[in-house]
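Geometric and topological summary
Next come the chains, spelled out residue by residue.
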Amino acid sequence: MAKQQRLAWAITGSGHYLRESLAILNSLENVDVFLSRAAAEIIQQYGFQSLLNAKGHRIYQDKTASSVPVEMFYQGKYHALVIAPATSNTIAKMAYGFSDSLVTNLFAQAGKTRVPCIVFACDTAPELESEAPRDNVVKVYPRKIDLDNIAKLKTFEATTVVEDMLNLSESIKKSLQTVLQS
Ligand SMILES: Cc1cc2nc3c(=O)[nH]c(=O)nc-3n(C[C@H](O)[C@H](O)[C@H](O)COP(=O)(O)O)c2cc1C
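Residues numbered from 1 in each chain as written. Predicted model: local features only at pLDDT ≥ 70, side-chain atom pairs only at ≥ 80, totals over all residues. Heavy atoms only, no water.

What to know about the layout of surface pockets
Convention followed: Space inside and on the surface of the protein is sampled on a 1 Å grid over the protein atoms alone, with a cavity defined as a set of points where a 1.4 Å probe fits but cannot get out and a pocket as an open set with protein on both sides within 12 Å along at least 5 of 7 lines; lining residues have an atom within 4 Å of a point. Grid points are joined across faces, edges and corners, and a volume is the space filled by probe spheres set on the points. Secondary structure counts use DSSP, requiring at least four H or I residues in a row for a helix and at least two E residues in a row for a strand, with both numbered from the N terminus. Here the term charged refers only to Asp, Glu, Lys and Arg, the term nonpolar to Ala, Val, Leu, Ile, Met, Phe, Trp, Tyr, Cys and Pro, and the term polar to all other amino acids, Gly among them.
Estimates place the volume of the largest pocket at around 260 Å³. Considering the residues around the largest pocket, the lining is formed by 14 residues, among which His79, Pro116, Lys174, Ser175 and Thr178 are closest to the centre. For the lining of the largest pocket, the secondary-structure elements that each account for two or more residues are strand E5 (117-121) and helix H8 (165-181). A per-element tally of the lining of the largest pocket places H8 first, with five residues. Tallied by class, the residues present in the lining of the largest pocket amount to six nonpolar, seven polar and one charged.

Thoughts on the side chain of Ser175
This is how it is decided: Burial classes: relative accessible area under 20% of the type maximum marks a residue as buried, over 50% as exposed, and values in between as partly exposed (1.4 Å probe, protein chains only). We call two residues in contact whenever any of their non-hydrogen atoms come within 4.5 Å of each other.
Tracing the chain through its elements places Ser175 in helix H8. Overall, the relative accessible area of 15% leaves Ser175 in the buried class. Leaving out residues up to four positions away in the same chain, Ser175 has contacts with His79, Ala80 and Ile118.

Re the nonpolar core
Rule in force here: Residue types Ala, Val, Leu, Ile, Met, Phe, Trp, Tyr and Cys, when buried and joined through side-chain atoms within 4.5 Å, form a set referred to as a nonpolar core.
Core analysis: the biggest nonpolar cluster contains 26 residues, and Trp9, Ile11, Leu168 and Ile172 have the highest contact counts within it. Listed by contribution, the elements that provide at least two residues to this core are strand E1 (6-11), helix H1 (18-25), strand E2 (31-35), helix H2 (37-45), strand E4 (78-86), E5 and H8. Examining the composition of this core, we find that four residues originate from one element, H1, more than from any other. Once residues within four sequence positions are removed from consideration, Ile172 is found in contact with Leu7, Trp9, Ile24, Leu28, Val82 and Ile118. Core analysis: the second largest hydrophobic core is formed by 25 residues, Met94, Val115, Cys117 and Ile150 among them.

Focus on the sheet that holds E4
In plain terms, the rule: If DSSP finds at least two bridges between two strands, the strands pair. Every axis corresponds to a line fitted to the C-alpha atoms, with the helix fit spanning only the stretch in contact, and the corresponding angles, defined between N-to-C directions, vary from 0 to 180 degrees.
Here we have six strands laid out as an open sheet, ordered E3-E2-E1-E4-E5-E8, and parallel in their pairing. Looking at the sheet topology across the chains shown, the edges are occupied by strand E3 (58-61) and strand E8 (159-162). Adjacent strand axes in the sheet meet at a mean angle of 20° when their direction is disregarded. By the bridge criterion, four bridges tie E4 to E5 in an arrangement that is parallel. Its bridge partner lying in E5, Leu81 is registered against Cys117. Across the sheet, H8 touches E1, E4, E5 and E8, and the angle it forms with E4 is around 175°.

Quick look at the site of the ligand
The cut-off we apply is this: Residues are counted as near a molecule or strand when any one of their heavy atoms sits within 4 Å of it. A 3.5 Å cut-off defines polar contacts: any pair of N or O atoms within that distance qualifies, except that in protein one atom must be a possible hydrogen donor and the other a possible acceptor, and neighbouring residues in sequence count only when both atoms are side-chain atoms. For accessible areas, the Shrake-Rupley method is used with a probe of radius 1.4 Å. Any residue's cover is judged against the shown protein chains and nothing else.
Gly13, Ser36, Thr87, Ser88 and Thr90 are the nearest of the 15 residues found near the ligand. Between the ligand and Gly13, the relevant distance is 2.6 Å, taken from an oxygen atom to a main-chain nitrogen or oxygen of the residue. Protein coverage of the free-state accessible area of the ligand, which is 640 Å², stands at 66%. Those elements giving two or more residues to the shell around the ligand turn out to be H2 and helix H5 (88-95). In the shell around the ligand, the residues fall into four nonpolar, 11 polar and no charged.

Given below as structure tokens:
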């Protein structure tokens, strides 16, 4: 079964660790990429379009009200879903069960079809440095609600929430090994 299955990778409108997430994405094969509407803009603003296109992954944009691409989860096309980087907006929606955009729908449908999900949440610490457009760095202070939403998401079934790039890449490796062994 799993041999033909692919990895789904969703990107949201976060500048924080976007560059690093794209680097991990580009080290992988057999991936389909899904962009939130904000992600499509942010990738342009940071000048990362060529990085996104570098590996020739199939890219799906958020263009439909019903999130038509999620149908592929019903077809069993994916063995896992990665959401990286995940904005505090998408984390909040997912933590409360909303599915009103492509990425939140992917998360909901992955959950409902029992496809495991790995989420890299941006706002992981009370204070962090974040990459802004044009190579600027800004200090960001995630609010209590942002941290609480991440804690809530960690209680979801089949959901691994990672807080740094090392854990992201190790969790993906582990997930790929599980697929190869199945
Ligand atoms: C330059 C820029 C950088 C941003 N970086 C972040 C970020 O690191 N984390 C975050 O939670 N939101 C960030 N945002 C805000 C999100 O893009 C915004 O909340 C958007 O509505 C998220 O939509 P999405 O969750 O559907 O992708 C950034 C916005 C801009 C313009």
